[in-house]
Amino acid sequence: EEVSATDTIEISGMGNTMAEIKFSKDRISVAPKTMVTIALTNKSTNASMPHNFVVIEKGKANDVGQAGVMNADNGYVKPNDINVIAHTAVANIGETVYLTFETPAAGEYEFICSYPGHWSLMKGDFIVE
């Protein structure tokens, strides 16, 4: 779906076990160099399932996830990680967190939850066109 500069993209983190976790969308398309807002709602009910939303360079999920493990105080994202375009804070159960950022240049990117262990399952394509 195309979004304009004023649009809010709503996405949910779902699932109560590692086998169930996923985002409510696996693809987001946006225009390049526009302001968008991500509204991430954590719909899990298991308190051990916090989630975030991290827009990253394509193919860098493992690098970003592993770098973030030791950075709980920064929402499981390594500060100034060159592979990270933008990220939300961590949303605990029932919380909604917001991120407003300028989309990158046209290209294919990804989004992940960088909470430890989640990035291999909670991911999707972030397409800028």
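In short, a report on the structure. Keep in mind it's a predicted model, so treat the numbers as computed, not measured.

Quick look at the pairing of strand β8 (residues 107–112)
Now for step 1: Two elements, strand β5 (residues 54–57) and β8, share 4 bridges in a ladder whose sense is antiparallel. From the neighbouring strand, Val54 faces β8, where its bridge partner is Ile112.
Now for step 2: For β8 and strand β9 (residues 123–128), the ladder comprises 6 bridges, and the chain directions are antiparallel. Counted as the bridge partner of Ile112 is Lys123 from β9.

Structural notes on the sheet that holds strand β4 (residues 35–42)
Now for step 1: The strand order β2-β1-β4-β7 describes an open sheet built from 4 strands, whose pairing is mixed. Edge strands, defined here as strands with exactly one partner in the open sheet, are β2 (22–23) and β7 (96–102).
Now for step 2: With 2 bridges joining them, strand β1 (residues 8–14) and β2 adopt antiparallel strand pairing. Considered in β2, the bridge of Met14 is made with Lys22.

Let's talk about the pattern of salt bridges
Now for step 1: Here the structure, examined in full by the defined rule, presents 2 salt bridges.
Now for step 2: Asp63 is the partner of Lys60 in a salt bridge, and the nearest nitrogen-oxygen pair spans 3.9 Å.
Now for step 3: Under the relative-accessibility criterion, Lys60 is labelled partly exposed at 30%.

Remarks on the pairing of β1
Residues in a regular strand project their side chains so that they alternate between the two faces of the sheet.
Now for step 1: Examined bridge by bridge, β1 and β4 share 6 bridges and lie parallel to one another. Bridge assignment links Ile11 to a residue of β4, and that residue is Leu40.

So, the environment of Ala31
Now for step 1: Its location among the elements puts Ala31 in the loop between β3 (27–30) and β4.
Now for step 2: Along the chain, Ala31 and Ile21 lie 10 residues apart, while their C-alpha atoms are 28 Å from each other.

Some details on the sheet that holds β3
Now for step 1: Strands sit in the order β3-β9-β8-β5-β6 across an open sheet of 5 strands; the sheet is mixed. The open sheet is flanked by β3 and β6 (84–87), the only strands paired with a single partner. Within the sheet, the average angular offset between the axes of one strand and its neighbour, ignoring direction, is 25°.
Now for step 2: Across the sheet, helix α1 (residues 61–68) touches β5, β6 and β8, and the angle it forms with β5 is around 125°.

Criteria and cut-off values
Residues numbered from 1 in each chain as written. Predicted model: local features only at pLDDT ≥ 70, side-chain atom pairs only at ≥ 80, totals over all residues. Heavy atoms only, no water. Pairing = 2+ DSSP bridges. Helix = DSSP H or I, 4+ residues; strand = E, 2+ residues; numbered from the N terminus. Salt bridge = Lys/Arg side-chain N within 4 Å of Asp/Glu carboxyl O. Buried < 20%, exposed > 50% of the residue type's maximum accessible area, 1.4 Å probe, protein only. Axes fitted to C-alpha atoms, helices over the stretch in contact; angles between N-to-C directions. Contact = heavy atoms within 4.5 Å.

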